[in-house]
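# Close look at the chain arrangement
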Amino acid sequence: MLALLLCLVFLLLIVIITTYAERKVAAFIQDRLGPTESGPHGILQSVADVLKLLQKEDIIPAAADKPLFTLAPIIMFAAVRAGFGVIPITPSVIASGAYLGVFYLLAIISLDVIGLLMAGWGSNNKYAVLGAMRSVGQIVSYEIPAGLAVLCVVMISQSLDLQEISFQQGILMNQFSGLEKEANYLFGLKALNLDVTFIGGITTWNIFRMPFLFIAFIIYFISSLAECNRAPFDIPEAESELVAGFHVEYSGFRFAAMFLAEYSMMVLVSLVAVVLFLGSWNTPFPNIGPATLATWTTGTPGTWTGHLWGVVWLLSKTVILIYTQIWIRWTFPRLRVDQLMHLCWKVFTPIMLVLVLLTGLWRLWMI
Amino acid sequence: MNPVLLLFYVFGLMAVGAAAFMVATKNVLYAAFGLLITLLSLAAIFILLFADFVAVAQLMIYVGGVVVLILFGVMLSNQVQGKAVQSESVNRWSGSLVVLTLFGGLAYLILSANYLVPAAPLASAGDLPETKTSIITIGIRLITNFALPFEVASLILLIALMGAAYISTEEKHD
């Protein structure tokens with residue numbers, strides 16, 4: 001219960017900061033100033049926006065399908081919110097240690113699609129229906145390369161537990177029950193005979209344990225952009241043709257809930273990318289001889305140093321990914337529907353199938 | 001009454017209630033959402049039975065796949081010749097005959113089946129099973145005892161995929 005409240009507050013905070021960052025970064029990229037009025041450098045702009053949204057009248061169109069229209073934002077937010085339950089925050093803090101973590105995450109996010117369809121259909125508006133149709137088609141298609149990328153990591157880690165996957169990517173590996181006798185080799189290859197279990201840092205991250213996972217990471221990242229309807233895959237919301245897509249009829253608090261769901265989704269997919277590929281809460285610095293950088297920047301798990309370093313590394317990596325998402329949004333033009341589907345089915349899916357095969361082979365060399 | 005049993009009845013009632021709503025409602029789209037609630041409640045019941053993998057697979061396949069597909073189908077074909085499709089009750093007598101026969105047959109089968117379950121595994125709420133998850137056992141069984149059904153299932157899926165690809169190709173081969 002406490003975890004739920006903490007996570008909600010944390011999410012609200014990070015969403016407020018992300019929307020502000022989004023506007024400032026967009027302004028910087030387009031050589032503008034962005035929000036400047038409220039507060040120094042406009043830092044209170046997002047707070048003002050939230051207050052404005054909460055005061056607005058809750059308008060439900062007369063011809064809308066009322067139950068669907070009112071339920072949709074709640075379902076969307078609940079689905080994304082449920083995904084946060086299995087994300088490990090520090091070596092000893094995780095809301096739910098469910099063994100099927102990754103699988104559960106992929107499954108529960110698919111509920112988001114139902115919310116989208118309800119919103120699109122319930123609005124009784126052709127732009128909304130078109131937007132919802134596009135969005136669902138896009139999300140369902142891109143789940144396949146993203147799912148295969150996750151599968152590659154699961155094959156390398158031999159686990160679906162996100163906390164276990166996190167422990168495998170750092171110097172604390174032997175402290176996880178069940179991994180006491182495991183060892184990490186450079187690039188995961190036992191034949192090289194270079195034990196890096198206690199060197200840690202970046203050398204034990206999944207993109208280093210199996211170098212081809214870097215390609216999987218890139219594909220996962222691009223697919224995750226499509227899954228949260230971010231530019232250059234924002235055809236469901238394409239302002240110039242669909243006004244705003246599936247949320248065109250929403251206003252006030254319900255719009256705020258949908259907005260929150262979209263930005264939470266951004267945070268969630270970035271967190272998952274960090275946990276699966278970029279070493280989770282582990283430090284990027286390796287132990288080099290007497291300079292035990294990894295040990296210094298890890299702390300003791302279970303104490304406040306361990307918590308603090310874990311949160312710092314996890315969040316800083318996540319923030320970099322979120323920044324990249326914003327950066328991409330303001331740099332690339334929107335794709336057409338056929339280009340989008342071409343990229344997913346004819347480029348990413350075959351590459352990922354080959355990578356899954358390669359990962360299987362690599363796993364044989366790891367043991 | 002222990003909380004697990006209470007939750008079981010709550011989700012069981014939800015599943016049955018949503019299924020009844022699905023049959024009774026005239027709006028095809030609402031029926032699809034009724035189905036969604038039934039499937040979600042079933043997933044919850046699987047969790048209560050410690051079948052975590054089955055529960056998540058239920059979410060993945062039925063909620064993420066089948067229901068979305070049904071919703072898509074309903075939305076694309078909701079308006080035929082300008083008026084909304086409604087589910088009407090037709091064939092009352094023959095329909096109820098089929099339903100009663102099916103119900104009787106299934107009830108007989110379920111009541112007379114000899115299950116391969118360990119006797120009363122959930123004596124008390126604090127009595128947890130030893131393994132953390134069912135997925136390891138399922139995985140080992142799938143490639144040993146049940147290798148043939150597993151492979152046959154994948155073959156059927158492949159055939160379905162090929163069929164779908166054939167149907168959706170532009171030029172029809174005569």
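What you see is a predicted model, and the numbers here were worked out from it, not measured in a lab. (Residues numbered from 1 in each chain as written. Chains lettered and ligands numbered in written order. Predicted model: local features only at pLDDT ≥ 70, side-chain atom pairs only at ≥ 80, totals over all residues.)

### Let's talk about the environment of A:Gly178
Residue and element names in this part refer to chain A. Operational definition: The numbering of helices and of strands both runs from the N terminus, where a helix is a DSSP run of H or I of at least 4 residues and a strand a run of E of at least 2. To sort residues by burial, count the other C-beta atoms lying within 10 Å of each one's C-beta; a count of 20 or more means buried, 12 or fewer means exposed, and anything in between means partly exposed. C-beta atoms are built from the backbone.
By the element assignment, Gly178 lies in the loop between α7 (162-168) and α8 (206-209). Looking at Gly178, the number of C-beta atoms within 10 Å reads 11, which means it is exposed. The spacing of Gly178 and Glu164 is 14 residues in sequence and 9.1 Å in space, taken between C-alpha atoms.

### Regarding the packing of helix α1 (residues 3-24) of chain B against helix α2 (residues 28-48) of chain B
Residues and elements named next belong to chain B. What counts here: Under this scheme, a helix contributes an axis fitted over its contacting stretch, all axes are lines through C-alpha atoms, and angles between N-to-C directions fall in the 0 to 180 degree range. For classification purposes, an angle smaller than 35 degrees is called roughly parallel, one larger than 145 roughly antiparallel, one from 65 to 115 roughly perpendicular, and anything else oblique. Should the near helix be turned anticlockwise from the far one by less than a right angle, the crossing is left-handed, and should it be turned clockwise, the crossing is right-handed. It is the C-beta atoms, placed from the backbone, that decide contacts: two residues are in contact if theirs lie within 7 Å.
Look at α1 against α2: their axes get within 8 Å of each other, and the N-to-C directions meet at 160 degrees. One way to sum up the angle between α1 and α2 is to call them roughly antiparallel. With respect to the hand of their crossing, α1 and α2 are arranged in left-handed fashion. Between α1, through Val4, Leu7, Phe8, Phe11, Gly12, Met14, Ala15, Ala18, Ala19, Phe21 and Met22, and α2, the contact on the second element is made entirely by Ala31, Gly34, Leu35, Ile37, Thr38, Ser41, Leu42, Ala44, Ile45 and Leu48.

### Concerning the nonpolar core
Residue and element names in this part refer to chain A. To keep it simple, the criterion reads: Residues enter a nonpolar core if they are buried, belong to Ala, Val, Leu, Ile, Met, Phe, Trp, Tyr or Cys, and are joined to the set through C-beta atoms within 7 Å.
One finds Ala132 and Ala273 to be the most contacted residues of the largest nonpolar core, which totals 115 residues. With 17 residues, helix α11 (residues 252-276) is the largest single contributor of residues to this core. The next biggest cluster of nonpolar side chains, apart from the first, holds five residues, and it includes Phe167, Leu172, Met173 and Ala294.

### Brief notes about the interface of chain A and chain B
For clarity, the threshold we go by: When residue character is reported, Ala, Val, Leu, Ile, Met, Phe, Trp, Tyr, Cys and Pro are called nonpolar, Asp, Glu, Lys and Arg charged, and the others, Gly included, polar.
The interface of chain A with chain B comprises 16 residues on the first partner and 17 residues on the second. For the side of chain A that touches chain B, the secondary structure elements donating two or more residues are α4 (101-109), α5 (111-122) and α6 (126-157) of chain A. The class makeup of the residues in the side of chain A that touches chain B is 15 nonpolar, one polar and no charged.

### A few points about the packing of α4(A) against helix α3 (residues 52-76) of chain B
Packing of α4(A) against α3(B) leaves a shortest axis separation of 8 Å and a crossing angle of 25 degrees. In this view, α4(A) runs roughly parallel relative to α3(B), as classed from their interaxial angle. The hand of the α4(A)/α3(B) crossing is left-handed. Contacts between α4(A) and α3(B) involve A:Phe103, A:Tyr104, A:Leu106, A:Ala107 and A:Ile108 from the first element and B:Val56, B:Leu59, B:Met60 and B:Gly64 from the second. Grouping the amino acids of the contact of α4(A) with α3(B) by side-chain chemistry returns eight nonpolar, one polar and no charged.

### As for the domain arrangement of chain B
Residues and elements named next belong to chain B. The following threshold applies: What marks off one domain from the next here is an automatic or database domain assignment.
Per the domain assignment, the segments of chain B are domain 1 (3-129) and domain 2 (132-174). Contact with domain 1, which involves four residues of that partner, is made by four residues of domain 2. Its residues assigned to classes, the side of domain 1 that touches domain 2 shows three nonpolar, no polar and one charged.

### Focus: helix α9 (residues 213-227) of chain A
Residues and elements named next belong to chain A. Here is the rule: The length a helix should cover is 1.5 Å for every residue beyond the first.
Taking 1.5 Å of rise per residue, the 15 residues of α9 would be expected to cover 21 Å, and the 20 Å separating its terminal C-alpha atoms lies within 8% of that figure. The element α9 is extensively covered by neighbouring structure, given that eleven of its 15 residues are classed as buried. Of the positions making up α9, those classed as buried are Leu213, Ala216, Phe217, Ile219, Tyr220, Ile222, Ser223, Ser224, Leu225, Ala226 and Glu227. Buried positions along α9 lie against α6, α8, α11, α13 (304-329) and α14 (337-366). Count one or two residues on from α9 and you reach Asn229, which has phi positive near 55 degrees.

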